[in-house]
Amino acid sequence: MTDPVRSRAINSPLGPLTLFEESGALTVVEFGRGPDKDDTPLLRAAEDQLHAYFDGRLETFDLPLDPPGSEFQKAVCRAMLAIPYGQTRTYGDLARDLGSVARAVGGACGRNPIPIIIPCHRVLGAGGRMTGFSGGTGVDTKRALLRLEGALLM
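Bear in mind that the values here come from a model prediction, so they are computed numbers and not experimental data.

Rules used throughout
Residues numbered from 1 in each chain as written. Predicted model: local features only at pLDDT ≥ 70, side-chain atom pairs only at ≥ 80, totals over all residues. Heavy atoms only, no water. Helix = DSSP H or I, 4+ residues; strand = E, 2+ residues; numbered from the N terminus. Rg over C-alpha atoms; globule rule 2.2 N^0.38 Å. Buried < 20%, exposed > 50% of the residue type's maximum accessible area, 1.4 Å probe, protein only. Contact = heavy atoms within 4.5 Å. Areas by Shrake-Rupley, 256 points an atom, 1.4 Å probe, with all protein chains shown as cover. Disulfide = S-S within 2.5 Å. Salt bridge = Lys/Arg side-chain N within 4 Å of Asp/Glu carboxyl O.

Undergrad: Lay out the overall build of the protein chain with the relevant residues and their values.
TA: The secondary structure content of the protein chain amounts to five helices and five strands. Listing each helix as α and each strand as β along the protein chain from the N terminus yields β-β-β-α-α-β-α-α-β-α. Computed over C-alpha atoms, the radius of gyration of the protein chain comes to 15 Å, within 12% of the 15 Å expected from 2.2 N^0.38 for 154 residues, which places it in the range of a compact globule. Taken along its principal axes, the extent of the C-alpha atoms in the protein chain is 45 × 35 × 25 Å. Residues counted as buried form 45% of the 154 residues belonging to the protein chain. Sequence-distant contacts, at least 24 apart, represent 54% of the contacts inside the protein chain between residues at least 6 apart. Of the roughly 7700 Å² of accessible surface on the protein chain, 51% is carried by carbon and sulfur atoms.

What follows is the structure, given as structure tokens:
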């Protein structure tokens, strides 16, 4: 028998976010307000850490994560987690590290189930080109996160 999925909706500077926990790990962060029915230590910790991040007091999240997806998607998530706060890499950089191609990495980034915490916003197109972002208001949200981290100064 699997543990039930628990969720908690929170407010953020980017609009409402809904956090999902299963089996003691954060599995999804969705943009928008979803069910706000659970109050678990992990969901409270995730909320606290997200608020600290948005306030500029946290650079590295310390939460158990279990993003759903294929082994390749999970490898891309691990590669994104290795990108330091305030820095960026390109899809091509990650593809070289993973022995893959940029298009496949881009697809996996676009399916990142735990945005912000798994920092897909730190991954840019070739030459530092600003490319899509699946959450919030798309590229504008990506820019806002990069500005918050000091990686984008305009």
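Undergrad: How would you sum up the state of the cysteines? Please name residues and give values.
TA: Tallying each qualifying case throughout the model produces zero disulfides. For the unlinked cysteine Cys109, the closest cysteine sulfur is that of Cys120, found at 6.5 Å. Taking the relative accessible area as the measure of exposure, Cys109 reaches 5% and is therefore buried. Taking the relative accessible area as the measure of exposure, Cys120 reaches 6% and is therefore buried.

Undergrad: Please give an account of the pattern of salt bridges that cites residues and values.
TA: Scanning all chains against the criterion turns up eleven salt bridges. When the shortest N-O distance is used, the salt bridge between Arg89 and Asp93 registers 3.9 Å. A relative accessible area of 21% places Asp93 in the partly exposed class. Arg122 serves as the salt-bridge partner of Glu149, at 2.8 Å between the closest nitrogen and oxygen.

Undergrad: How would you summarise unusual backbone geometry if you had to cite specific residues and measurements?
TA: Positive phi is not limited to glycine here, since Ser23 has a value of about 55°. Relative to the helices and strands, Ser23 resides in the loop between strand 2 (17–22) and strand 3 (25–31). Unusually for a residue other than glycine, Ile116 sits at a positive phi of about 75°. The topology assignment puts Ile116 in the loop between helix 4 (102–110) and strand 5 (123–124). Residue Ile116 is classed as buried on the basis of its relative accessible area, which comes to 1%.

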